[in-house]
Each structure stands twice: as C-alpha cells, then as structure tokens.
Amino acid sequence: MTQTAADRFPTRHLPRVTVRELPDPPRSPWRIIGPGVVAAGVGLASGEFVLFPYIASQVGLVFLWAAAVGIITQYFLNMEIERYTLATGETALTGFSRFWRHWGLVFAIMVYFANLWPGWSTSSATMVTYLFGGDATWIAVGMLLVIGATLTLAPVVYNALERVEFVKVALVVVFMVVAIGFAISASAWGDLPDSVTAPEFPTELGFALMLSALVFAGAGGGQNLCQSNWIRDKRYGMGAYVPRLTSPVTGHEEAAAGGGGYVFEPSEDNLGRWRRWWKLANQEQLATFVLISFVTIVLMSLLAYSTVYGVPGLSNSVSFLEVEGERLKQIVGGWFGVLFWVVGALSLFAAAMGIVDYTSRLAADVLKTSYLPRVSESKLYFGLVWGLVAIGCGILVAGFDQPLPLLVISACVGGLMMFFYSILLLVLNRKVLPSQIRPRAYRVAALMWSVALFGVFSALTVWQQGDKLLDWLR
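Note that the structure is a prediction, hence the values are computed from the model and not measured. (Residues numbered from 1 in each chain as written. Predicted model: local features only at pLDDT ≥ 70, side-chain atom pairs only at ≥ 80, totals over all residues. Heavy atoms only, no water.)

Caption draft 1: Highlighting the environment of Leu 453. In this structure, Leu 453 sits in helix α18 (residues 441–473). Apart from residues lying up to four places away in sequence, Leu 453 is in contact with Val 69, Thr 73 and Leu 214. (Helix = DSSP H or I, 4+ residues; strand = E, 2+ residues; numbered from the N terminus. Contact = heavy atoms within 4.5 Å.)

As structure tokens, then:
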C-alpha cells in the first residue's frame, strides 16, 4: 500500500489531514507583506521603549548585541512556526496537540498567565496623562473597552489588526527619522561600535531584566506562536483553505471544509510552488520583523543614551519615559518631547491591542481544535477577548498595583515557553512533514541554540530570583 503525505500525521487526538494541492504564491511579494509587520508592531512595546533604552541609560550601548541575538533567534523560530502552517494550514499549537492533546492548552494557559495583567494599556494610559493629565486607571479602562470593540466590529479581525500595526510602525519610523536629525548626538553614534567591539553582560542590573530584554527583543514568549494564526489569515500556503476569524456582528463566517488540516503531496509542481512560498515568507520576515525590530531598538537606545545616560534615579518602568520626554523638551524643544509621548502612547496602545488579539486567538484555536470542535472559533475568540478585557478592567478598578515579582514571573514564563516550543517545533517539522520540506541542518542548529539559550537563561533567572519569588508568594 502506497503511503501518502497525510499518513505521517498522528491521528490519535485530532482528525486526519486532507491531501490537497498547494495554492500558487502571489506574483508580487507586496501581497504577502503583513504578518511580519504585525509581529514587529505588537512587539514594539516594553523591549523597544523601556527595557533596552533603560539599559542604555545605565550602562551605555554595550548590551545591544543581545537585541541582535534575540531577534535573529526569533527569526528562526518564527520561520519554523510558519513552515508548519504553510505546509498544513494548521497552527503550530495544533501540530503539538497531535502528539499530546493538551500541549496547546498548556501553552495557552502560560500565555494567559503572562498577559493577564493589563500592563501595556496601563503604560499607554500613563503616557496619555503626561500629555493631558487625568486618571491613568480610567483611561486604561477606556482603552481596553476600545480594544474589545475594535476587535469585535472588524469584519475580518486580522485585517483590522494589520492596519493598526501598519499605522503604528509608520509613526515610529517617522519619529525615528526626526530623532536622527534633532536628538541623537554625535557622541552616541561614535559610541555605537562599542556594542560590537566591547560587548558586556551587565549582571549588576539583574538576570530578570537581562532575560526580559533578550526574550522580548522583537516579540517573545507566546507572541511568536501566533505567527501561525496571522499567516493563515493572510492566506499563506495551505492556510488559504482555512476559515479566518470574522466578526459575529459585521462579518460573515467562512465555512470550514473539514475537521483537520491539509498537506500536499511532494510532487514536482507542488515543490516548485513551495520553494517560491518559502522564499517569499523568509523575505517578508527579514524585511519587516527583523529589520523593524532591530533598527527600532538601536535607535531608541541611542536616543535614551543621548538624553538620559548618567541621570540618577531612573526607574525601569514607564516613568522612565516621562523623564526622557522632559529631557527631550530641554534638549530639542517642547514639541519633540510631546511627539515622543504621543508616539509612545499610540505604540503601547497598539501593542495592547495585539496582545489581547494573540492571547485570545491562541486560546480560541486550542479550544476549537482539541475540545469544542462544534463551536465556532470566531465566537470563542470574541468571548475570550471580552473576558480578557473584563478581567483587565476589574484589576484596574480594584486598584491593584503590579508587583515587581510578576515581571520576573512573566520573563520566566516567556523564556520557558520558548524553551519548550523550540523542542516541539524541532520534533514536529522533522517527524511529520515530507522529507523535501523539512528544516535543513543550519535551521535545526538554530532551534537547538534556542533550546539552550532560553533554557539556560530561564533556569538562571529562577535561581537568581528564587528567594524574592518565594517571599512574594508567602
């Protein structure tokens, strides 16, 4: 009996995949631009606006090498996540669940645990108060409600998110161009080569901060897993056969052709199309996610180094941005400090929207695939969105402050997720995909590096911060 490509996929927990032809890739690469911009836009938050600039303000530019390491590692992770979805139309979490039904649920819970606290909306609201005054708590509540309404009323959720993140990235790029001309000093440019010629690991700032910067350079944690969902809704590869998330109010739900994913036979025609898809997907990630993330981290660090390096008493929080904005007013002019806060507030708001989307999107996919196959994924998604919004509003109205140990926990959870799913991606793509499209040796080595990197850093952070965590839990 002849074995088909579908026979390699485990079917104990999920339905068998269907063999179909791989759709033709678009002729123009511009038509696939989007998922990398969304990933960069959602990721342009704490790492780019607070963590790396704060580190630059304390020790200079000697830690920027970590941004390059983190982003390049995440590039390889993202592409292995995309490889599986391009070839099957299934998300990486669905692929993991084929080996053990509850893998997807484990990751979804970890993502919720890391993102339940409405930190980005609070940070955005705090920056709004620098501009207009007011109560940051109620501004943040209003922002969460706007996020819920936007994600609910968009006919196709991904399209709305993509537009928001495109606007955000464009605003950040414009701001950076202005900053290069007016605010970044010649001495900062002169010291930039130190990040290569004299790199350091400033342990005096704490392992938790270092791990947070490394994990969240670009994206990090559960966000990388959502590359599957975003490229599927962008109609990459076999994702063209899978329904997109649509609004229950303004959209029309797309019909699903079956319960499982899809796979193509490795014929000459399909492999030719695959090579073109794979090339386009890699180019899109490099030109958007990698380039935007790295350039933004470098320029924001240069800006902080030019303005607040050596200023005593700076805190690793959004209040750091208030001090930086005031310094920019003094050095460049009042208009530039205001522009800095406007761009920061809008950026953190767009990041909050992306976080609510990917947290809910991952959970909805897991529930639909492994536990509630008869329930609409769109309805599950919108229920989860409003549940997350309601919890965030409740936390804010109750007046809880985010204790520092939660930041340590978030960093550890993000690192542990990346450690585990690096292993699972390696097993998944090498075991179930046709041999002609499996990862090559250097990509396997990149995943093994990811396993070692995030495993070691997570363990070191727990070891270094264990006493603080135990004291907080008591």
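That covers the picture; the talk isn't over yet.
Caption draft 2: Up close: the nonpolar core. Ranked by internal contacts, the top residues of the largest apolar core, which has 152 residues, are Phe 52, Phe 96, Phe 107, Trp 230, Leu 303 and Tyr 421. For Leu 303, the contacting residues outside a window of four places in its chain are Phe 175, Ala 179, Ala 183, Ile 184, Glu 324, Leu 328, Phe 336 and Phe 340. (Core = buried A, V, L, I, M, F, W, Y, C linked by side-chain atoms within 4.5 Å. Buried < 20%, exposed > 50% of the residue type's maximum accessible area, 1.4 Å probe, protein only.)

Caption draft 3: Just the environment of Gly 383, in detail. As for its position among the elements, Gly 383 is in helix α16 (residues 377–398). Judged by relative accessible area, Gly 383 falls into the partly exposed class, the value being 45%. With 231 residues separating them along the chain, Gly 383 and Thr 152 place their C-alpha atoms 9.6 Å apart.

Caption draft 4: How the structure looks around the pattern of salt bridges. Under the counting rule described, the total for this entry stands at ten salt bridges. Arg 273 serves as the salt-bridge partner of Glu 21, at 3.1 Å between the closest nitrogen and oxygen. With Glu 21 in the loop between β1 (18–19) and α1 (35–43) and Arg 273 in helix α13 (residues 268–308), this residue pair connects regions lying 252 residues apart in the sequence. Relative accessible area serves as the criterion here: at 48%, Glu 21 is assigned to the partly exposed category. Relative accessible area serves as the criterion here: at 13%, Arg 273 is assigned to the buried category. One salt bridge in this structure joins Glu 90 and Arg 98, with 2.6 Å as the shortest N-O distance. The exposure class of Arg 98 is buried, given its relative accessible area of 2%. One salt-bridge network, in which partners are shared between bridges, spans Glu 21, Asp 24 and Arg 273. (Salt bridge = Lys/Arg side-chain N within 4 Å of Asp/Glu carboxyl O.)

Caption draft 5: Structural view of helix α15 (residues 334–371). An ideal rise of 1.5 Å per residue puts 56 Å on 38 residues; α15 measures up with 55 Å between its terminal C-alpha atoms. Counting buried positions along α15 gives 28 out of 38 residues, so the element sits mostly inside the fold. (Expected span 1.5 Å × (residues − 1).)

Caption draft 6: Expanded view of the packing of aromatic side chains. Applying the stated rule across the entire model yields 22 aromatic pairs. With a centroid separation of 5.5 Å and an interplanar angle of 90°, the aromatic rings of Phe 182 and Trp 335 are classed as edge-to-face. Note that Phe 182 is positioned in helix α8 (residues 157–182) and Trp 335 in helix α15, a separation of 153 residues in sequence. Given the relative accessible area of 53%, Phe 182 is considered exposed. (Phe/Tyr/Trp six-rings, centres within 6.5 Å; stacked < 30°, edge-to-face > 60°.)

Caption draft 7: Up close: the side chain of Glu 80. Secondary-structure assignment places Glu 80 in helix α3 (residues 64–88). Among the polar contacts listed, one links the side chain of Glu 80 to the side chain of Arg 83, at a separation of 2.8 Å. Not counting chain neighbours up to four residues away, the residues in contact with Glu 80 comprise Trp 278, Leu 425, Asn 429, Pro 439, Arg 443 and Leu 447. (Polar contact = N/O pair within 3.5 Å; in protein donor to acceptor, adjacent residues only side chain to side chain.)

Caption draft 8: Structural context of the packing of α3 against α13. Running from N to C, α3 and α13 cross one another at 155°; their axes reach a closest spacing of 10 Å. In terms of axis orientation, α3 runs roughly antiparallel to α13. Relative to α13, α3 is oriented so that their crossing is right-handed. (Axes fitted to C-alpha atoms, helices over the stretch in contact; angles between N-to-C directions. Parallel < 35°, antiparallel > 145°, perpendicular 65-115°, else oblique. Left-handed = near helix turned anticlockwise from the far one by under 90°.)

Caption draft 9: Layout of the side chain of Ser 422. Along the chain, Ser 422 falls in helix α17 (residues 404–431). Using a relative accessible area of 0% as the deciding quantity, one classes Ser 422 as buried. Looking at Ser 422, its side chain comes within polar contact range of the side chain of Ser 450, at 2.7 Å. The contact partners of Ser 422, leaving out residues within four places of it in the chain, are Leu 77, Leu 447, Ser 450 and Val 451.

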